[in-house]
Amino acid sequence: MTAILEINHLKKSFGDNEVLKDIHLTVNTGEVISIIGSSGSGKSTMLRSINLLEKPSGGEIIYKGENVLEKGFDIPQYRTHLGMVFQSFNLFNNMNVIENVMAGQVTVLKKSQEEARKIALENLEKVGMARFANAKPAQLSGGQKQRVAIARAISMNPDVILFDEPTSALDPEMVGEVLQTMQGLAETGLTMVIVTHEMEFARDVSDRVIFMDKGVIAEEGSPEEIFGSPKEERTKAFLSRFL
Ligand code: ADP
Ligand code: MG
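Bear in mind that the values here come from a model prediction, so they are computed numbers and not experimental data.

How each quantity is defined
- Residues numbered from 1 in each chain as written.
- Chains lettered and ligands numbered in written order.
- Predicted model: local features only at pLDDT ≥ 70, side-chain atom pairs only at ≥ 80, totals over all residues.
- Heavy atoms only, no water.
- Near = heavy atom within 4 Å.
- Polar contact = N/O pair within 3.5 Å; in protein donor to acceptor, adjacent residues only side chain to side chain.
- Areas by Shrake-Rupley, 256 points an atom, 1.4 Å probe, with all protein chains shown as cover.
- Helix = DSSP H or I, 4+ residues; strand = E, 2+ residues; numbered from the N terminus.
- Nonpolar A, V, L, I, M, F, W, Y, C, P; charged D, E, K, R; others polar.
- UniProt positions renumbered as here; feature names shortened; annotations may be inferred.
- pLDDT = per-residue confidence, 0-100.
- Pairing = 2+ DSSP bridges.

Student: Can you walk me through the site of ligand 1 in this structure?
Tutor: Lining the immediate environment of ligand 1, one finds Phe14, Asn17, Val19, Ser38, Ser39, Gly40, Ser41, Gly42, Lys43, Ser44, Thr45 and Glu54. Contact between ligand 1 and Gly40: an oxygen atom at 2.7 Å from a main-chain N or O atom of the residue. Take Ser44: an N or O atom from its side chain is 2.8 Å from an oxygen atom of ligand 1. Contact with the protein chains removes 59% of the 560 Å² of surface that ligand 1 exposes when unbound. Secondary structure elements with two or more residues in the shell around ligand 1: strand E2 (17–28) and helix H1 (43–50). It is H1 that provides the largest number of residues to the shell around ligand 1, a total of three residues. For the shell around ligand 1, the per-class residue count stands at two nonpolar, eight polar and two charged.

Listed below in structure tokens is the structure:
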């Protein structure tokens, strides 16, 4: 197994509030990792620290052998290798679907319009949204918007995609189509780190499950271990809420 990311002693505070306390996490190529835990436990802050949307207060993030927190590290370049899918889609509402999926490819990766369009269409096809290529985001359902956001993320050919509760803002009837899309991607060998409250999905799709509580990784293991025989009392208490 090759580590894409190795996170050591990661810390993040907001003022006096220590939100991440000594986090250790390795993400290996092709792995699907689910992160579960109560609201406020630091899950989003962890993802946002990994892609440096938040500046960590301490620790290291080793990407392909280099600490991204070292002075002089090329952060914009690093970010192009990490995809991010947010709860709130973050599509450009003034652009149509295919323009949304092409934008980063053209501006950041310097692809030609022609090549970006080809890749965008392939990926819209993968998420079942090719026939909406010319639609505006406002014409789409939440589930459709999120599938476009996923197509946009994979079009950047990232080493890993970080998903922060990708289905939490959706009406219940749209959750399934997005989870199915993500499951399809997982099966293609894409490396994925997914914050989710969808326990059945986490159990089915993940190679590894991380349970966060109050800024620490309280327990981690295979889906069988975490869902089948959790060791920590706080993991049990958290999971009992989903029964
Ligand atoms: P989760 O995603 O697990 O619900 P978060 O990472 O969003 O948790 O939040 C963890 C804690 O960090 C919360 O107490 C939250 O109030 C705090 N926090 C998150 N972002 C900020 C911020 N930008 N400024 C101050 N506090 C923040
Ligand atoms: Mg969150």
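There's more to say after this.
Student: Just checking my understanding: could you explain the UniProt feature "domain: ABC transporter" (unreviewed entry) in the protein for this structure?
Tutor: Within this structure's numbering, the places UniProt gives as "domain: ABC transporter" (unreviewed entry) are residues 5–239. Spanning residues 5–239, this segment combines 38% helix with 26% strand, and its end C-alpha atoms are found 28 Å apart.

Student: Is there a simple way to explain the confidence of the model for the protein in this structure?
Tutor: Caution applies to low-pLDDT parts of the model: their predicted coordinates are not meant to be read in detail. In this model, the protein carries an average pLDDT of 96, and 100% of its residues clear a pLDDT of 70 or more. Here the prediction assigns the complex a pTM of 0.96, and the interface score ipTM is 0.98.

Student: Would you take a moment to explain the sheet that holds strand E5 (residues 66–67) for this structure?
Tutor: Across a sheet, strands are paired by hydrogen bonds formed along the backbone, either parallel or antiparallel in direction. Pairing is antiparallel in the open sheet, where four strands are placed in the order E2-E1-E4-E5. With partners counted over all chains shown, the strands left at the sheet margins are E2 and E5, one partner each. Taken together, the five bridges between strand E1 (residues 3–14) and strand E4 (residues 58–63) define a ladder with antiparallel strand orientation. Bridge assignment links Leu5 to a residue of E4, and that residue is Tyr63.

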